[in-house]
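# Coordinate analysis (summary)
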Amino acid sequence: MISKQYGMISVVGVSMISVILTISFVGMVPSEILAQGTNATNTTNATTTANATSAAAGGQNTVIMPFGSSGATSGAGYEPPELTVSPSATVVWDNQDSALHTATSGESPTPDGKFDTGVVGPNQVSGPVTMPAEPGDYRYFCTLHPFLVGTVTVQ
Ligand SMILES: [Cu+2]
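Overview of the structure. Source: prediction; values computed, not measured.

### Observations regarding the overall build of the chain
From N to C terminus, the chain includes three helices and nine strands. Each helix and strand of the chain, placed in order from N terminus to C terminus, yields the pattern α-α-α-β-β-β-β-β-β-β-β-β. Expressed as a percentage of the 155 residues in the chain, the buried residues total 27%. When contacts within the chain are restricted to residue pairs at least 6 apart in sequence, long-range pairs at least 24 apart make up 66% of them.

### Digging into the nonpolar core
Residues Val63, Val91, Trp93, Ala103, Tyr140 and Val152 are the most contacted members of the largest nonpolar core, which totals 17 residues. Among the elements of the structure, β1 (61–65), β3 (90–95) and β8 (136–141) are those that each provide at least two residues to this core. In terms of residues, this core owes the most to one element, β8, which gives three residues. Leave out the neighbours within four places in its chain, and Tyr140 touches Ala103, Thr104, Ser105, Gly106, Gly150 and Val152.

### Looking at the sheet that holds strand β5 (residues 110–116)
Read across the open sheet, the five strands follow the order β2-β9-β8-β4-β5; overall the sheet is mixed. The open sheet has two free edges, formed respectively by β2 (82–85) and β5, since each of these has just one partner strand. For this sheet, the mean inter-axis angle between neighbouring strands, taken without regard to orientation, is 40°. Pairing analysis gives six bridges linking β8 to strand β9 (residues 149–154), with the strands arranged antiparallel.

### Brief notes about unusual backbone geometry
Of note, the amide linkage connecting Glu79 to Pro80 takes the cis form, showing an omega dihedral of 0°. Here the amide bond leading from Ser108 into Pro109 is cis, since omega sits at 0°, within 30 degrees of zero. Here Pro109 is to be found in the loop between β4 (104–107) and β5. Phi at Asn123 takes a positive value of approximately 55°, unusual for a residue other than glycine. The class for Asn123 is exposed, based on 11 C-beta atoms found within 10 Å.

### Re the pairing of β5
Successive side chains on a regular strand alternate, one facing one side of the sheet and the next facing the other. Judged from the three bridges that link them, β4 and β5 form a sheet pairing that is antiparallel. Paired with Glu107 across the strands is Thr110, a residue of β5. Where β4 folds back onto β5 in an antiparallel hairpin, the turn is made up of two residues.

### What about the environment of Thr153?
Within the secondary structure layout, Thr153 lies in strand β9. For Thr153, a count of 13 C-beta atoms within 10 Å translates into the label partly exposed. When the C-alpha atoms of Thr153 and Asp137 are compared, they prove to be 4.3 Å apart, with 16 residues separating the residues in sequence. Look past the residues within four positions of Thr153 in its chain and what remains in contact with it is Glu82, Thr84 and Asp137.

### Details of the pairing of β3
Sheet topology note: the β1/β3 ladder contains five bridges and is parallel. Residue Met65 lies in a different strand from β3, and its bridge partner there is Asn95. Both β3 and strand β7 (residues 129–130) contribute to a ladder of two bridges, which runs antiparallel. Residue Val91 lies in a different strand from β7, and its bridge partner there is Val129.

### Concerning the environment of Pro81
Locating Pro81 in the fold gives a position in the loop between β1 and β2. Under the C-beta neighbour-count criterion, Pro81 is labelled exposed, with 11 such atoms within 10 Å. For the pair formed by Pro81 and Tyr140, sequence separation is 59 residues and the distance between their alpha carbons is 9.9 Å. If we skip the residues at most four places from it in the chain, Pro81 touches Gly150 and Thr151.

What counts and what doesn't
Per-chain numbering applies: the sequence of each chain, read as written, is numbered from 1 onward. This being a predicted model, a pLDDT of at least 70 is required before a residue's local features are given, and a value of 80 or more before pairs of side-chain atoms are given or counted; all residues contribute to the totals for chains, interfaces and linings. Each helix corresponds to a stretch of at least 4 residues labelled H or I by DSSP, and each strand to a stretch of at least 2 residues labelled E; elements are numbered beginning at the N terminus. Exposure criterion: with C-beta atoms placed from backbone coordinates, a residue whose C-beta has 20 or more other C-beta atoms within 10 Å is buried, one with 12 or fewer is exposed, and one in between is partly exposed. This entry defines residue contacts through backbone-placed C-beta atoms, with two residues in contact when those atoms are within 7 Å. In these notes, a nonpolar core means any group of buried Ala, Val, Leu, Ile, Met, Phe, Trp, Tyr and Cys residues linked to one another through C-beta atoms within 7 Å. Pairing between strands requires that DSSP locate at least two bridges from one strand to the other. Where helices are involved, their axes are fitted lines through C-alpha atoms of the stretch in contact, as for all axes, and angles between N-to-C directions lie from 0 to 180°.

So this is what it looks like as structure tokens:
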């Protein structure tokens with residue numbers, strides 16, 4: 001039973017890697033088209049397409065909230081602290097800590113409403129959070145631990 005499951009995971013892992021490699025070569029152009037679509041007319045459709053693309057590719061952008069990061073002096077923080085994504089890409093935050101965390105856009109401790117994971121429990125992963133379509137550096141922080149800060153760069 002266990003070995004069978006492990007085998008399936010390996011197959012999925014290999015196909016994910018090949019998709020990621022493919023996407024990394026051709027990924028920029030479709031992203032720009034998507035972003036233009038978002039600006040032009042139908043935000044809902046553009047967002048849905050972006051989500052589907054990320055899921056199909058298995059190349060979900062992920063930021064980890066490491067174990068111990070709730071400690072102000074632990075030195076642990078969002079990993080990577082700076083993440084670069086395409087316009088309207090989705091990002092998930094993977095909370096590997098024993099405390100609740102959020103990833104909330106804005107200059108700590110003031111949310112600016114651009115994106116928010118909401119509260120992510122210990123050993124849980126946030127839902128996919130859609131990043132802005134407009135290129136820029138978006139700072140974010142944890143509302144429960146305002147010393148935890150990170151940046152998503154959209155370009
Ligand atoms: Cu926190």
